Amino acid sequence: MSSLWCHLQRHGVVLVWLPVLLLFPLLNLSGDVLVAVGQVALVLALGAAAVALVITGRVRVLLPVLVALIVLAAIQGEGWQTIWGVLAIVSPAVLHGWRLVLAIGAATVGVAVSIAVIEGIGDAYLISVGGVLLSGVTTTSFLRLIEAVEQLRRTREELARVAVAEERARMSRDLHDLLGHTLSVMVVKAQAVRRLAPRDPEAAAAHAADIEEVGRAALTDVRAAVDQMKTLSLAEELDGARRALDAAGIRTSVSAAPSEVPDIAGQALAWVVREGATNVLRHSGAATCRFELTEDGGELRLAVVDDGIGGPVGPGGPGERSGGLDGLRQRLRAVDGRLDVRPGDDGFRLEARVPAS
């Protein structure tokens, strides 16, 4: 609808002046009745050609026709020279660049020559010539302003669409990172409850209590993600990952050399710990896993290494890990970090690097 309104504005700005410009020749009809009828027909044909050119934009066919009719009309006598203004106001609607400059220049030269030849150079000569030039420049400026406004409108709509898409991607990434890990832990602990219930009810009850605690934490995480207030603690995530992996029967070690980690870097690496632990729980089939946090050359390096099957394999087949890893890469890029994934026959290595400062 907005695009249609823009086209109507463009046409209206041009066509509204046609009756005014065509009125002057009609007030200066000359000769007998037959000649006057021919002149009226010429004016109507010229107006029809101008309207058709503006609406259809068929420059190659209709512009030469319009120019020929204007030249024919301009030699009819005094009072007809203002017909060159039709070319000056129509050209901006269908031409751009040097072609538009040439058309407006041709209209200006045409009115200057025809007035000088037919009427002579008088007091109003410069006013008539300047009027045609000014009409072309003014119409061009106004049409380009309309085009700029329309372009800004389309850009605003596109930015809004991209913003919505990015927000959906962010929410999807947050929910994947939050719930993927939490639900994996709950599944592992539920399996432990099932195994321990017949022979060790107290241990099974402890795992069941952990499931309740993890579930409550998941609800808090979801609310925080929706409110865009979710922050993670690297130390808490490392401790939680170790406990979750130990509960799944995966021997886990944590090696953290740096004593202090900046908040922004720590939050980014905490997401790496969460995603890495989730992948080990869900996909690896590993017996051991280790988390290595070191500082090297002004960078913090976090590696999650397991001795599982190596490549990403799960119910979805090869590549199932890619969704979470893509989310990690986006998070790390936001803090000038990077992610390296090295699957192999002897296990899987997930390594993230972020600036230490």
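Up top is the structure these notes are about.
Residues numbered from 1 in each chain as written. Predicted model: local features only at pLDDT ≥ 70, side-chain atom pairs only at ≥ 80, totals over all residues. Heavy atoms only, no water.

Engineer: Which residues make up the nonpolar core, and what are the values?
Structural biologist: If you look at the biggest cluster of nonpolar residues, it comprises 40 residues, and the most contacted ones within it are Leu46, Leu53, Leu66, Ile70, Ile83, Val86 and Val90. A total of 8 residues in this core trace back to one element, the largest contributor, which is helix H5 (residues 84-94). Among the nonpolar cores identified, the runner-up in size contains 37 residues, and Val188, Ala244, Phe348 and Leu350 belong to it. (Core = buried A, V, L, I, M, F, W, Y, C linked by side-chain atoms within 4.5 Å. Buried < 20%, exposed > 50% of the residue type's maximum accessible area, 1.4 Å probe, protein only. Helix = DSSP H or I, 4+ residues; strand = E, 2+ residues; numbered from the N terminus.)

Engineer: Quick rundown of the pattern of salt bridges? Include the residues and the values.
Structural biologist: Using the criterion set out here, one finds 17 salt bridges in the structure. Taking the shortest distance from any N to any O, the salt bridge between arginine 154 and glutamate 150 comes out at 3.2 Å. Here the residue arginine 154 and the residue glutamate 150 both occupy positions in helix H7 (residues 125-196), the gap between them amounting to 4 residues, near one helical turn. For arginine 154, a relative accessible area of 39% puts it in the partly exposed group. The closest approach of N and O atoms between glutamate 158 and arginine 161, which form a salt bridge, is 2.5 Å. Of the two residues, glutamate 158 and arginine 161 are both situated in helix H7; the distance of 3 residues between them amounts to about one turn of the helix. On the basis of relative accessibility, which here comes to 38%, the residue glutamate 158 falls in the partly exposed class. Under the relative-accessibility criterion, arginine 161 is labelled partly exposed at 49%. (Salt bridge = Lys/Arg side-chain N within 4 Å of Asp/Glu carboxyl O.)

Engineer: Help me get a handle on the packing of H5 against helix H6 (residues 97-118), residues and values and all.
Structural biologist: Running from amino to carboxyl end, H5 crosses H6 at an angle of 170°, the nearest separation of the two axes being 8 Å. In terms of orientation, H5 lies roughly antiparallel with respect to H6. Between H5 and H6, the residues in contact are Trp84, Leu87, Ala88, Ser91 and Pro92 and Leu100, Ala103, Ile104, Ala106, Ala107, Gly110, Val111 and Ser114, respectively. Of the residues assigned to the contact of H5 with H6, the class counts are 10 nonpolar, 3 polar and no charged. (Axes fitted to C-alpha atoms, helices over the stretch in contact; angles between N-to-C directions. Parallel < 35°, antiparallel > 145°, perpendicular 65-115°, else oblique. Contact = heavy atoms within 4.5 Å. Nonpolar A, V, L, I, M, F, W, Y, C, P; charged D, E, K, R; others polar.)

Engineer: Can you tell me about the pairing of strand E3 (residues 299-306), naming the residues and giving the values?
Structural biologist: When you tally the buried positions in E3, you get 6 out of 8 residues, the bulk of the element. Pairing between strand E2 (residues 288-296) and E3: 8 bridges, direction antiparallel. If you follow glutamate 295 over to E3, its bridge partner there is leucine 300. Counted along the chain from E2 to the antiparallel partner E3, the turn is 2 residues long, and its residue glycine 297 has a positive phi close to 60°. Bridging between E3 and strand E5 (residues 347-355) involves 8 bridges; their strand directions are antiparallel. By the bridge assignment, arginine 301 is partnered in E5 with arginine 353. (Pairing = 2+ DSSP bridges.)

Engineer: Got a sec to walk through the packing of helix H4 (residues 59-74) against H5? Specific residues and values, please.
Structural biologist: Relative to each other, H4 and H5 sit at 165°, their axes nearing to 10 Å. Put simply, H4 runs roughly antiparallel to H5. In terms of crossing hand, the pair formed by H4 and H5 is left-handed. Counting all contacts with H4, which are made through Val59, Leu63, Leu66, Val67, Ile70, Val71 and Ala74, the residues of H5 involved are Trp84, Val86, Leu87, Val90 and Val94. Looking at the contact of H4 with H5 residue by residue, the classes come out as 12 nonpolar, no polar and no charged. (Left-handed = near helix turned anticlockwise from the far one by under 90°.)

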